[in-house]
Amino acid sequence: SQTIHQWPATLVQPVGSPLSLECTVEGTSNPNLYWYRQAAGRGLQLLFYSVGIGQISSEVPQNLSASRPQDRQFILSSKKLLLSDSGFYLCAWAGGGYGYTFGSGTRLTVV
Amino acid sequence: RKEVEQDPGPFNVPEGATVAFNCTYSNSASQSFFWYRQDCRKEPKLLMSVYSSGNEDGRFTAQLNRASQYISLLIRDSKLSDSATYLCVVGGGGNKLTFGTGTQLKVEL
């Protein structure tokens, strides 16, 4: 069965520090992968999606970047975090027309 | 206009009540529809897909009206464990999904 792993679960980072969040998927190949952010009291905002290795589409201009170095690995990064980058970051993969399966998320607080 | 709109609630209902959530979407070309459930500080999880003919899964019934661009979720015989935020989700082409901001449900004794 397919599983999606995301880490770390929580992160507190100072303003201006770098960020790297990793997401890996098991049990499937060539998945469509997504990064979403959910700010406090708000809906899920699509940040990036990827349909294959090295293929990244950005949905909104922002302080973040994404990379897909391997088929089942999706990484969200920032060189310098802003206070506004705080939120709940969710990785998801799409399988077979049955919606998305989400990772357990990373709660990022920028201080 | 938001792509997917939901009443944020909260809906406070007693155990055993029937509650209905509504959702509207703006893109008439949308192709797939879902309801997700999100517990506090957890990731969203797929509750059910929504089909044009309507579909039922136990106490949960989902309906889709493409002409009115309207989706609904009905929960019968509410349980305390149903307390959560329910997200209306709409998909266009290319496997991209757009999430509503969610409707919060609180089931009380």
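Our subject in this report is the structure included herewith. (Residues numbered from 1 in each chain as written. Chains lettered and ligands numbered in written order. Predicted model: local features only at pLDDT ≥ 70, side-chain atom pairs only at ≥ 80, totals over all residues. Heavy atoms only, no water.)

Along chain B, the regular secondary structure elements total zero helices and 11 strands. From first element to last, N terminus to C terminus, chain B shows the α and β order β-β-β-β-β-β-β-β-β-β-β. Against the 2.2 N^0.38 benchmark of 13 Å for 109 residues, chain B shows a C-alpha radius of gyration of 13 Å, consistent with a compact globule. Every one of the 109 residues in chain B was classed for burial, and the buried ones make up 41%. Carbon and sulfur atoms make up 46% of the accessible area of chain B, which totals about 5,400 Å². Between the centroid of the 12 positive side chains of chain B and the centroid of its 11 negative side chains there is a distance of 5 Å. (Helix = DSSP H or I, 4+ residues; strand = E, 2+ residues; numbered from the N terminus. Rg over C-alpha atoms; globule rule 2.2 N^0.38 Å. Buried < 20%, exposed > 50% of the residue type's maximum accessible area, 1.4 Å probe, protein only. Areas by Shrake-Rupley, 256 points an atom, 1.4 Å probe, with all protein chains shown as cover. Lys, Arg positive; Asp, Glu negative; His and termini not counted. Charge placed at Lys NZ, Arg CZ, Asp CG, Glu CD.)

This brings us to the pairing of strand E4 (residues 32-38) of chain B. Residues and elements named next belong to chain B. Burial runs high along E4: five of the seven residues are buried. Strand direction decides the pairing type here: E4 and strand E9 (residues 84-91), joined by seven bridges, are antiparallel. The partner of Phe34 across the bridge, within E9, is Val89. Two successive antiparallel strands, E4 and strand E5 (residues 45-49), enclose a turn made up of six residues, where Arg41 displays a positive phi of approximately 65°. (Pairing = 2+ DSSP bridges.)

So, on to the interface of chain B and chain A. Across the boundary between the two partners, chain B contributes 16 residues, which contact 20 residues of chain A. Applying the counting rule to chain B against chain A returns one salt bridge. Here Lys96(B) makes a salt bridge to Glu59(A), at a shortest N to O gap of 3.2 Å. Summed over the shared surface of chain B and chain A, the result is five residue pairs in polar contact (both at pLDDT 80 or more). Looking at the side of chain B that touches chain A, the elements that each hand over two or more residues are E4 and strand E10 (97-99) of chain B. Sorting elements by how many residues they give to the side of chain B that touches chain A places E4(B) first, with three residues. Its residues placed into classes, the side of chain B that touches chain A shows seven nonpolar, five polar and four charged. (Contact = heavy atoms within 4.5 Å. Salt bridge = Lys/Arg side-chain N within 4 Å of Asp/Glu carboxyl O. Polar contact = N/O pair within 3.5 Å; in protein donor to acceptor, adjacent residues only side chain to side chain. Nonpolar A, V, L, I, M, F, W, Y, C, P; charged D, E, K, R; others polar.)

Now for the nonpolar core. Counting residues in hydrophobic clusters, the biggest one holds 23 residues, and the most contacted among them are Phe21(B), Trp35(B), Ile71(B), Leu73(B), Ile75(B), Tyr86(B) and Leu105(B). Mapped by element, the contributors of at least two residues to this core are strand E3 (19-25), E4, strand E7 (60-65), strand E8 (70-75), E9 and strand E11 (103-108) of chain B. Those residues in contact with Ile71(B) that lie beyond four places of it in its chain are Phe21(B), Asn22(B), Cys23(B), Tyr25(B), Phe33(B), Trp35(B), Val50(B), Gln63(B), Leu64(B), Cys88(B) and Val90(B). Ranked by size, the runner-up nonpolar core spans 20 residues in total, among them Leu19(A), Leu47(A), Tyr89(A) and Leu108(A). (Core = buried A, V, L, I, M, F, W, Y, C linked by side-chain atoms within 4.5 Å.)

The next point concerns a nonpolar patch on the surface. On the surface, Tyr98(A), Leu46(B) and Tyr51(B) cluster together into a nonpolar patch covering about 330 Å² of accessible area. By secondary structure assignment, the location of Tyr98(A) is in the loop between strand E9 (87-94) and strand E10 (100-102). (Patch = residues over 30% accessible without salt bridge, like charges linked within 9 Å, V, L, I, M, F, W, Y side chains within 5 Å.)

The next subject is the sheet that holds E8(B). Residues and elements named next belong to chain B. One open sheet accounts for five strands, arranged E1-E3-E8-E7-E6; its pairing is antiparallel. Edge positions in the open sheet fall to strand E1 (4-6) and strand E6 (55-57), since each of these has one partner strand only. Shown here is a sheet whose adjacent strand axes are inclined to one another by a mean of 20°, direction ignored. Both E3 and E8 contribute to a ladder of six bridges, which runs antiparallel. By the bridge assignment for E8, Cys23 is matched with Ile71. (Axes fitted to C-alpha atoms, helices over the stretch in contact; angles between N-to-C directions.)

On to the pairing of E9(A), then. Residues and elements named next belong to chain A. A large share of E9 lies buried, amounting to eight of its eight residues. The pairing of E9 with strand E11 (residues 106-110) spans three bridges and is antiparallel. Opposite Tyr89, over in E11, you have Thr106 as the bridge partner. Looking at chain direction, E9 and E10 are connected through three bridges and run antiparallel.

Distances and angles like these do not, on their own, reveal function.
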